[in-house]
Amino acid sequence: MVKVIPLGGVGEIGKNCTLVEDGNEILIIDCGLSFPNEEMPGVDIVVPDFTYLVQNSRKVLGVIITHAHEDHIGGLPYLLQKLNVPIYATAFTHAMMKHKLEEKVGNKSLQLKTFKPGEGIKVGSFEVETIRVTHSIPDSCAIAVMTSAGALLFTGDFKLDFTPVDGNLTDLAKLTQIGKEGVLCLFSDSTNVDRPGWGPSERTVLPGIRSAFEHAQGRILMTTFASNVHRMQQFIEVAAEQGRKVGVVGRRMEQSMDICENLGYIRLPKGVRVSLDEVKQMPDHQAAILTTGSQGEPMSALVQMSRGSYGRMQIKEGDTLIYSARTIPGNEGAIWRTINRLFKQGCEVIYDAPTPVHVSGHGYQQELMMMVNLVKPHFIAPVHGEPRHQHLYSKLVRRMGYQDNRIFTMEDGRPLVFDGKKAYLDEPVPHGRVLIDNSGLPGVTDEVLRDRYNAANEGMVIVTVVIDVDEGEVIGDPVVQGKGLHANSSLLDTVQSMVTDGLYSLSKEELCDLNRVQLEVVDIAKRTLQKRGQIRPLVIPSIVSV
Ligand SMILES: [Zn+2]
Ligand SMILES: [Zn+2]
């Protein structure tokens, strides 16, 4: 019996983490994070709940990483804090993960194993094949795991790009070969299943970037993900061709450029990259700048420049910014505010040009169907998608002749079991989301979230009561204060008199029990605020004993 258990990444886009469990062995594929939604105030990142892995720690052989995007690697530091297991990845992926892992886990205990895209590796009893695919980051791989039930093929994130910027094509021959040998189940990317046709090649943004350069009067800036090496490469190519020098701002972008230069993942014509100080000295029409901040992150270089508060560089009238990235849902507001501030400073922002300055790294319908056609799996399960993507993907492969009993709509935590000729979805194992805020400590609870949400939306009310515990008496009147409250001024007086009445109805013994008093105070205050003021602020009791 073989189980495939997603701890994250199905029915959602983000925190990809899938287990392949065969007898006494578990292999983990990817370990990502997702970003908080608007109902998670103060939360930085979300990672999967690793309880099941901790419970089965003796079975875990290691983690194999498909590519270095945060939704595939960002959970690793938190997994490694619980389980020290080997990590298998390409040299590029390791280099991109290194800083964070060392920062959070320390480098002594890290067990890093490197493979080249296309290499076969052996992990425990598993024979694993890695297959190069094209995506918006170098060295992305699909992973085939040979289990006792048959071959399982995980596409990872992919598109079928025939003119990739680095010249590394998807290894269609190998996919076909694995397909010929027989694939029990295909776990396919479904992110762009709602887009008909075949997605545009990464190369198609080159004319868009070039056109921006040709029309610019002053300096040119471009923001993209610091991991989008292909995009950075094209910016550099156009800059070189137009006689401009390139400076880089933002810590992540600088790190990423250094890694790519060292490992040879970026081709830099001689003398094109210069320091930020040098690029600032250049005449405007010779300057080009790559910057972080494509998601409107408050501390990023671009956002600080848009506010005029970045020490190292300022926006100038006549600058042009190419906004070359996708908007991660939830970041729209921050991104538009940044773009608006840039326009106000006299910077022309190109974000939606007739010739595109951004294309997706995920395959469209025809590419997804091509993958199915090459691999010809017996069973099929869409992953890396929300329920709408899973639904549309199922519809797509039904058109290719797949019957419902061969298509699985997976859910986080529920094992897909392969038992002889059958496959079925089983009862869930422990799973969920773990929220991490600025403190860096995992496990922001639902109660904390609710309190933050209430305090942020409706303010807070603090009720202070002084009790003489020897006598069992209330001393003086309760004090009721509001913070961030918008209500009729008499509301707090009403709360105060209701709390006073409530306390006087308690016996001496009850008043000596401070927990009892606290519950009573919160209950009365909440009910009064809701009934009389129609508001639900956070109520904070402060019970002082003398
Ligand atoms: Zn990706
Ligand atoms: Zn992804």
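This structure is a prediction, so every number in the text was calculated from the model and none was measured.

## Some remarks on the packing of helix H6 (residues 205-215) against helix H7 (residues 229-241)
- One can describe the packing of H6 onto H7 by two numbers: an axis separation of 10 Å at closest approach and a directional angle of 45°. Taken together, H6 and H7 sit at an angle that is classed as oblique. Considering only the axes of H6 and H7, their crossing is right-handed. Judged by residue contacts, Val205, Leu206, Ile209, Arg210 and Phe213 of H6 engage Arg231, Gln234, Phe235 and Val238 from H7.

## Focus on the domain arrangement of the protein
- Examined at the domain level, the protein breaks down into domain 1 (2-197 + 360-437), domain 2 (203-350) and domain 3 (446-545).
- Each of domain 1 and domain 3 has a C-alpha centre, and these two points are 50 Å apart.
- When the residues that make up the side of domain 1 that touches domain 3 are grouped by side-chain class, the tally is two nonpolar, one polar and one charged.

## Thoughts on the environment of Met313
- Note on placement: Met313 falls in the loop between helix H10 (301-306) and strand S16 (320-323).
- Judged by local crowding, Met313 falls into the partly exposed class, with 19 C-beta atoms found within 10 Å.
- Separated by 36 residues in sequence, Met313 and Asp277 place their C-alpha atoms 9.0 Å apart.
- Once residues within four sequence positions are removed from consideration, Met313 is found in contact with Val249, Leu276, Lys280 and Met305.

## What about the packing of helix H12 (residues 365-375) against helix H13 (residues 387-399)?
- Relative orientation of the contacting elements H12 and H13 amounts to 60°, with a least axis distance of 11 Å. Between H12 and H13, the angle is such that the two are oblique. Considering how the two elements wind past one another, H12 and H13 form a crossing that is right-handed. Counting all contacts with H12, which are made through Gln365, Leu368, Met369 and Val372, the residues of H13 involved are Tyr393, Leu396 and Val397.
- When its residues are assigned to classes, the contact of H12 with H13 shows six nonpolar, one polar and no charged.

## A short note on helix H14 (residues 446-458)
- The end-to-end C-alpha distance of H14 is 18 Å, a good match for the 18 Å that 13 residues give at a rise of 1.5 Å each.
- Two residues or fewer after H14 comes Gly459, characterised by a positive phi angle close to 80°.

## Here's the deal with the nonpolar core
- Formed by 124 residues in total, the largest nonpolar core has its most connected members in Ile28, Val63, Ile143, Leu152, Leu153 and Val375.
- Sorting elements by how many residues they give to this core places H7 first, with six residues.
- Each of two domains, domain 1 (2-197 + 360-437) and domain 2 (203-350), supplies a minimum of three residues to this core.
- When near neighbours in sequence (up to four residues on either side) are disregarded, Ile28 contacts Cys17, Leu19, Val60 and Val63.
- Val461, Val480, Val499 and Leu538 belong to the second largest nonpolar core, which has 17 residues in total.

## Looking at the sheet that holds strand S19 (residues 416-419)
- Strand order in the open sheet made by the eight strands is S7-S6-S5-S3-S2-S1-S19-S20, with mixed pairing throughout. The outermost strands of the open sheet, each flanked by one partner alone, are strand S7 (112-114) and strand S20 (422-425). On average, each strand axis in the sheet is inclined to that of its neighbour by 20°, with strand direction left out of account.
- The pairing of strand S2 (residues 17-22) with strand S3 (residues 25-29) spans five bridges and is antiparallel. The residue bridging Thr18 from the neighbouring strand is Ile29, located in S3.

## Details of the environment of Gly311
- Relative to the elements of secondary structure, Gly311 occurs in the loop between H10 and S16.
- Residue Gly311 is classed as exposed on the basis of its C-beta count, with 6 C-beta atoms lying within 10 Å.
- Spatially, the C-alpha atoms of Gly311 and Ala301 are 9.4 Å apart, while their sequence positions differ by 10 residues.

## Comments concerning the environment of Tyr393
- With respect to the helices and strands, the residue Tyr393 is situated in helix H13.
- Remark: the alpha-carbon pair of Tyr393 and Glu127, spanning 266 residues in sequence, is separated by 29 Å.
- Each residue touching Tyr393, except ones within four places of it in the same chain, is listed here: Ser190, Val193, Leu368, Pro382 and Gly385.

## A few points about the pairing of strand S1 (residues 2-8)
- Counted residue by residue, S1 has six buried out of seven residues, so it is predominantly covered.
- Pairing geometry for S1 and S2, over six bridges, is antiparallel. Along S2, the bridge assignment pairs Val4 with Val20.

What counts and how
- Residues numbered from 1 in each chain as written.
- Chains lettered and ligands numbered in written order.
- Predicted model: local features only at pLDDT ≥ 70, side-chain atom pairs only at ≥ 80, totals over all residues.
- Axes fitted to C-alpha atoms, helices over the stretch in contact; angles between N-to-C directions.
- Helix = DSSP H or I, 4+ residues; strand = E, 2+ residues; numbered from the N terminus.
- Parallel < 35°, antiparallel > 145°, perpendicular 65-115°, else oblique.
- Left-handed = near helix turned anticlockwise from the far one by under 90°.
- Contact = placed C-beta atoms within 7 Å.
- Domains from an automatic or database assignment.
- Nonpolar A, V, L, I, M, F, W, Y, C, P; charged D, E, K, R; others polar.
- Buried ≥ 20, exposed ≤ 12 C-beta atoms within 10 Å, placed from the backbone.
- Expected span 1.5 Å × (residues − 1).
- Core = buried A, V, L, I, M, F, W, Y, C linked by C-beta atoms within 7 Å.
- Pairing = 2+ DSSP bridges.

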